[in-house]
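Listed below, chain by chain, are the residues.
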Amino acid sequence: MEKQKLIIELIDYDYQCADGCCNYYGTNIKINGIELEQEISNVAEIDLEIVLQHLGYDVEIIKSYQE
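These figures come from a predicted structure and were not determined experimentally.

A. Geometry of the overall build of the protein chain. The helix and strand inventory of the protein chain stands at one helix and three strands. Among the 67 residues that make up the protein chain, the fraction classed as buried is 15%. For the protein chain, the proportion of contacts with a sequence separation of at least 24, taken over those separated by at least 6, is 19%. Looking at the protein chain as shown, the accessible area adds up to about 6,100 Å², and 48% of this sits on carbon and sulfur atoms.

B. Summary view of a nonpolar patch on the surface. Where nonpolar side chains cluster on the molecular surface, the patch consists of Leu 6, Ile 8, Leu 10, Leu 48, Leu 52, Leu 55, Tyr 57 and Ile 61 and spans about 700 Å² of accessible area. As for its placement among the helices and strands, Leu 55 is situated in the segment after α1 (48-54).

C. Quick look at the nonpolar core. Formed by Ile 29, Ile 31, Leu 36, Ile 40 and Val 51, the largest nonpolar core amounts to five residues. Excluding its chain neighbours within four sequence positions, the residues that come into contact with Ile 31 are Leu 6, Ile 7, Ile 8, Leu 36, Val 51, His 54 and Leu 55.

D. Local environment of the sheet that holds strand β1 (residues 8-16). Taking strand neighbours across the sheet as the criterion, the three strands line up as β1-β2-β3 in an open arrangement whose pairing is antiparallel. Looking at the sheet topology across the chains shown, the edges are occupied by β1 and β3 (34-35). Examined bridge by bridge, β1 and strand β2 (residues 23-31) share nine bridges and lie antiparallel to one another. Directly across from Asp 12, in β2, lies its bridge partner Thr 27.

Analysis parameters
- Residues numbered from 1 in each chain as written.
- Predicted model: local features only at pLDDT ≥ 70, side-chain atom pairs only at ≥ 80, totals over all residues.
- Heavy atoms only, no water.
- Helix = DSSP H or I, 4+ residues; strand = E, 2+ residues; numbered from the N terminus.
- Buried < 20%, exposed > 50% of the residue type's maximum accessible area, 1.4 Å probe, protein only.
- Contact = heavy atoms within 4.5 Å.
- Areas by Shrake-Rupley, 256 points an atom, 1.4 Å probe, with all protein chains shown as cover.
- Patch = residues over 30% accessible without salt bridge, like charges linked within 9 Å, V, L, I, M, F, W, Y side chains within 5 Å.
- Salt bridge = Lys/Arg side-chain N within 4 Å of Asp/Glu carboxyl O.
- Core = buried A, V, L, I, M, F, W, Y, C linked by side-chain atoms within 4.5 Å.
- Pairing = 2+ DSSP bridges.

Here you go:
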């Protein structure tokens, strides 16, 4: 069975308003050329649920913390 190739682009941006008082930054995500609506402020915070739902999966992610 041939696997479908998945291309995930992480596009960083940094924007400063005209008077320099505000700075906006983050990362846009494209999957196979389609840009997702949600932006992230840190690549480490990519939401797996959003990516998998975009790919057509019914997703339930259970988050927990182990001490």
